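# Observations on the model geometry
Below are the chains, spelled out letter by letter.
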Amino acid sequence: MKKPELLLPAGTFRHLEYAYDFGADAVYAGQPRYSLRARNNEFKLEQLQKGIEEARVRGKKLYIASNILPHNAKIKTYLKDMEPLMAMKPDALIMADPGLIMMVKDRWPEAEIHLSVQANTVNYAGVKFWQRQGISRVILSRELSLDEIEEIKQQCPDMEIEVFVHGALCIAYSGRCLLSGYFNRRDPNQGTCTNACRWQYKVHETDSNDAGDVTLTTNNSSEADECHSLTSAAGGVVRNNCANDSYLLEDVTRPGEYMEINEDEHGTYIMNSKDLRAIEHVERLVKIGVDSLKIEGRTKSIYYVARVAAAYRRAIDAAVSGEAFNPDLLADLEGLANRGYTDGFLQRHHAEDYQNYLDNHSKSRQSQFVGEVLEIDANGYALVEVKNKFSIGDKLEILHPSGTRVIELQEMQDKVGAQVSVAAGSGIYVRLPGMAGMEKALIARVIN
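As annotated in an unreviewed UniProt entry, the chain is U32 family peptidase from Aquella oligotrophica.

Take a look at the structure:
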């Protein structure tokens, strides 16, 4: 079977390096002005040039996300801003807007363009349309099932198909959401989403003043108190049971800032999707002939990038070799911060064996990222930048591009060589023995 590309995200050059180190065939990064990740994105032109050079040295690929749905102001600056980037010859542009695609194709007809998930391609007729426009790869919408993906690939065998297999899911259709823009004037489709669907809220009852403005209620009854706390539930909807039809939401991290929300006969809902994890479906996607398996998360940590890359690399290699799915890979991904996992729309009803995998293995081993190896001295001691607390006697997972091993920590020194028993937390540096050859390693504490 053809081995699909493993495509990882990068918000910084450091993330890009870890993605390649731990198994990515390609990485995607974005221009802050023209991609959907304006926040936590260091990739200005100099960093993109450095990233493209790094990809060339490693024999890997780097794709540039230019997938904004622009208003007129950004149209006017687009081609001029793209000139130095196109001179660097990235492997492809990831784009969504038909107008921008037209402009790029007119100016750089040989440019390879991958159609972004933002374009919401959900059928083979759409894929064929974009193929006629000169698109070389279509990133399918997340709302498709495995059977639908297979039919698209059968109907369009000479078109590259890319599918998301891991990362955050939006509450809206392929990311076309307006919540952040409504609440915070930060437009998701312009790259500034604040992930308002994932916040924790307090809910307050309201009164109306003489001018008809909504204000905090003066009712202090126990019935009103029941309305004051609401937490967005991963994967579900929560309906408040307050008496009024207008309420004020207060994000717990922004006390005193209120956002009005109205309730009708259908209720008021706050939605927070679980995170996508489809590693158990890699074998089927490989058999379908999907060309690229994509991970979401350009704002995530280097630990996330390394852990996910290593897990999906193993899953892809096993599937291509004809090996059975290893359910331990489910547990490997539990150590990452997540909102609960779902396989999204790929398969709504699991077969019994997959259900057993999920029940028995998903939470069988959890871990916490606790340190990053900065350097190794001549005696095999690693200088570790501590991220979270760990102690003598803890079981530590050493994640390295060559593989993962688990040790029980028996010895630890502070930065100057004195024996210590506890690495207290972020900002601390310690030295661990027996780490020769473990440059670029990340360290996690095994919880279960």
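After that view of the structure, there is still more to cover.
Below, the discussion takes up the pattern of salt bridges. What the rule picks out here adds up to 24 salt bridges. Notably, a salt bridge pairs E160 with R137, separated by 2.8 Å at the nearest N-O pair. Remark: R137 occurs in strand β6 (residues 137–139) and E160 occurs in strand β7 (residues 160–167); sequence separation between them is 23 residues. Residue classification places R137 among the buried residues on the basis of a relative accessible area of 4%. Between E397 and R307 there is a salt bridge, with the nearest N and O atoms lying 2.7 Å from each other. Separated by 90 residues along the polypeptide, E397 in strand β20 (residues 395–400) and R307 in helix α10 (residues 302–321) bring together distant segments of the chain. Classification of R307 by relative accessible area gives buried; the value is 4%. Connected through shared salt-bridge partners, E5, R137, E160, E162 and K294 make up one network.

With that settled, the discussion passes to the packing of aromatic side chains. Tallied over the entire structure, the rule returns 4 aromatic pairs. Ring centres of Y303 and F369 lie 4.7 Å apart, and the angle between their planes is 0°; this geometry places the pair in the stacked category. Remark: F369 occurs in strand β17 (residues 367–376) and Y303 occurs in helix α10; sequence separation between them is 66 residues. Relative accessible area serves as the criterion here: at 4%, Y303 is assigned to the buried category. In this structure, R142 is placed above the aromatic ring of F164, and the distance from its NZ or CZ to the ring centre is 3.8 Å.

Here the focus is the side chain of R313. By secondary structure assignment, the location of R313 is in helix α10. For R313, a relative accessible area of 14% gives the class buried. Of the polar contacts made by the side chain of R313, one reaches the backbone oxygen of G23; its length is 2.8 Å. At 3.1 Å, the side chain of R313 forms a polar contact with the side chain of D25. Apart from the residues within four sequence positions on either side, R313 is in contact with K3, P4, L6, F22, G23 and D25.

The rules behind the values
- Each residue is numbered by its place in its chain's sequence as written, counting from 1.
- Only residues with pLDDT of at least 70 are given local features in this predicted model, and only at 80 or more are side-chain atom pairs given and counted; all residues enter the totals for whole chains, interfaces and linings.
- By convention in this description, side-chain values take in all heavy atoms of the structure and omit both hydrogens and water.
- What makes a salt bridge here is a side-chain nitrogen of Lys or Arg within 4 Å of a carboxyl oxygen of Asp or Glu, nothing more.
- Only DSSP runs of H or I with at least four residues qualify as helices, and only runs of E with at least two residues qualify as strands; both kinds are numbered from the N terminus onward.
- Residue exposure (1.4 Å probe, protein chains only): buried if accessible area is under 20% of the type maximum, exposed if over 50%, otherwise partly exposed.
- In this scheme Phe, Tyr and Trp rings, the latter by its six-membered ring, pair at centre separations within 6.5 Å, and the angle between planes marks the pair as stacked below 30 degrees, edge-to-face above 60, and tilted otherwise.
- A ring has a charge above it when a Lys NZ or an Arg CZ is no more than 6 Å from the ring centre and no more than 35 degrees off the ring normal.
- Any N or O atom pair separated by 3.5 Å or less is treated as a polar contact, with the protein-specific requirement of one donor-capable and one acceptor-capable atom, and with residues adjacent in sequence counted only for side-chain atom pairs.
- We call two residues in contact whenever any of their non-hydrogen atoms come within 4.5 Å of each other.

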